[in-house]
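Secondary and tertiary structure notes
Residue strings, one per chain:
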Amino acid sequence: MYPAELVKPMRDDLASAGFEELYTAEAVEKAIQKEGTTLVVVNSVCGCAAANARPAAKMSLQNDKKPDYAVTVFAGVDTEAVNAARNLMVPFPPSSPSMALFKNGELVHMIERHHIEGRPAEMIAQNLAQAYDEFC
């Protein structure tokens, strides 16, 4: 577990952009099962989350079509919520950061850590925007 003061700015980065923070398995399941589309960001302290994932997630919401809901869980902190989210992302192996788009509770698009590392935020945001155009 990371100290709260360490992750607060990283949490706030997405929360200030409108992402709802989820802390429990029940909250994750409710969010993903909602009718419509839900973007789930597994946030983390790693450098690629700051340089690529969080900026990309925020940029992606500038697209004309976007998910109905945007939520986030924090790896290494919100263990119960992260495990619940990852269970719904099967068959993809756990990775953080990562992003998943769900439609009516079904996983329809996944971006794993290896799709994030070394790629500019703009490229990742474009990947998400293409998924929004298709599913939202």
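Quick caveat, the model's predicted, so the values are computed rather than measured.

**Focus: the pairing of strand β3 (residues 69–74)**
Counting buried residues in β3 gives five out of six residues, a clear majority hidden from the surface. Relative to β3, strand β1 (residues 20–21) is paired through two bridges, and the arrangement is parallel. The residue of β3 that forms the bridge with Glu-20 is Val-71. As paired strands, strand β2 (residues 37–43) and β3 are joined by six bridges and run parallel to one another. Across the sheet, the residue bridging to Leu-39 is Ala-70, located in β3. Traced from β2 through helix α3 (residues 47–60) to β3, the parallel crossover comes out right-handed.

**Overview of the packing of helix α1 (residues 4–15) against α3**
Two elements in contact, α1 and α3, have axes separated by 10 Å at closest approach and are oriented at 15 degrees. It follows from the interaxial angle that α1 and α3 lie roughly parallel. The two elements α1 and α3 meet at a crossing, and its hand is left-handed. Residues Met-10, Asp-13 and Leu-14 of α1 touch α3, and the partners they reach there are Arg-54, Ala-57 and Lys-58. The residue makeup of the contact of α1 with α3, split by class, is three nonpolar, no polar and three charged.

**Considerations on the packing of aromatic side chains**
Within this structure, the stated rule accounts for zero aromatic pairs. Over the aromatic face of Tyr-69 sits the side chain of Lys-34, whose NZ or CZ is 4.4 Å from the ring centroid.

**Concerning helix α2 (residues 25–33)**
Within α2, burial applies to Ala-25, Val-28, Ala-31 and Ile-32. For α2, the angular spread of buried residues about the axis comes to 130 degrees, placing them on one side. Residues of α2 that are exposed and point over 90 degrees away from its buried face: Glu-26 and Lys-30. As for α2, its buried residues are in contact with β2, β3, α4 (79–88) and β4 (98–103).

**Observations regarding the side chain of Glu-112**
Examined against the element boundaries, Glu-112 turns out to sit in the loop between β5 (106–111) and α5 (113–116). No salt bridge is formed by the buried Glu-112. Its closest oppositely charged neighbour is Arg-86, at 10 Å. If we ignore the near neighbours within four places in the chain, the residues touching Glu-112 are Phe-92, Pro-93, Ser-95, Pro-97 and Ser-98.

**Details of the side chain of Ser-95**
For Ser-95, the location among the structural elements is in the loop between α4 and β4. A polar side-chain atom of Ser-95 sits 3.3 Å from the main-chain amide nitrogen of Arg-113. Not counting residues up to four positions away in its chain, the partners in contact with Ser-95 are Val-42, Arg-86, Glu-112 and Arg-113.

**Digging into the sheet that holds β3**
Ordered in space as β1-β3-β2-β4-β5, the five strands form an open sheet in which the pairing is mixed. Only two strands of the sheet have a single partner each, and these edge strands are β1 and β5. Here five bridges tie β4 to β5, and the two strands are oriented antiparallel to one another. Within β5, the residue paired with Ala-100 across the bridge is Met-110. Taken strand by strand, α2 contacts β2, β3 and β4, and its axis lies near 145 degrees from that of β2.

Thresholds, definitions, all that
Residues numbered from 1 in each chain as written. Predicted model: local features only at pLDDT ≥ 70, side-chain atom pairs only at ≥ 80, totals over all residues. Heavy atoms only, no water. Buried < 20%, exposed > 50% of the residue type's maximum accessible area, 1.4 Å probe, protein only. Helix = DSSP H or I, 4+ residues; strand = E, 2+ residues; numbered from the N terminus. Pairing = 2+ DSSP bridges. Right-handed = clockwise from strand over helix to strand, strands pointing away. Axes fitted to C-alpha atoms, helices over the stretch in contact; angles between N-to-C directions. Parallel < 35°, antiparallel > 145°, perpendicular 65-115°, else oblique. Left-handed = near helix turned anticlockwise from the far one by under 90°. Contact = heavy atoms within 4.5 Å. Nonpolar A, V, L, I, M, F, W, Y, C, P; charged D, E, K, R; others polar. Phe/Tyr/Trp six-rings, centres within 6.5 Å; stacked < 30°, edge-to-face > 60°. Lys NZ or Arg CZ within 6 Å of the ring centre and 35° of its normal. Arc of directions from axis to C-beta. Lys, Arg positive; Asp, Glu negative; His and termini not counted. Salt bridge = Lys/Arg side-chain N within 4 Å of Asp/Glu carboxyl O. Polar contact = N/O pair within 3.5 Å; in protein donor to acceptor, adjacent residues only side chain to side chain.

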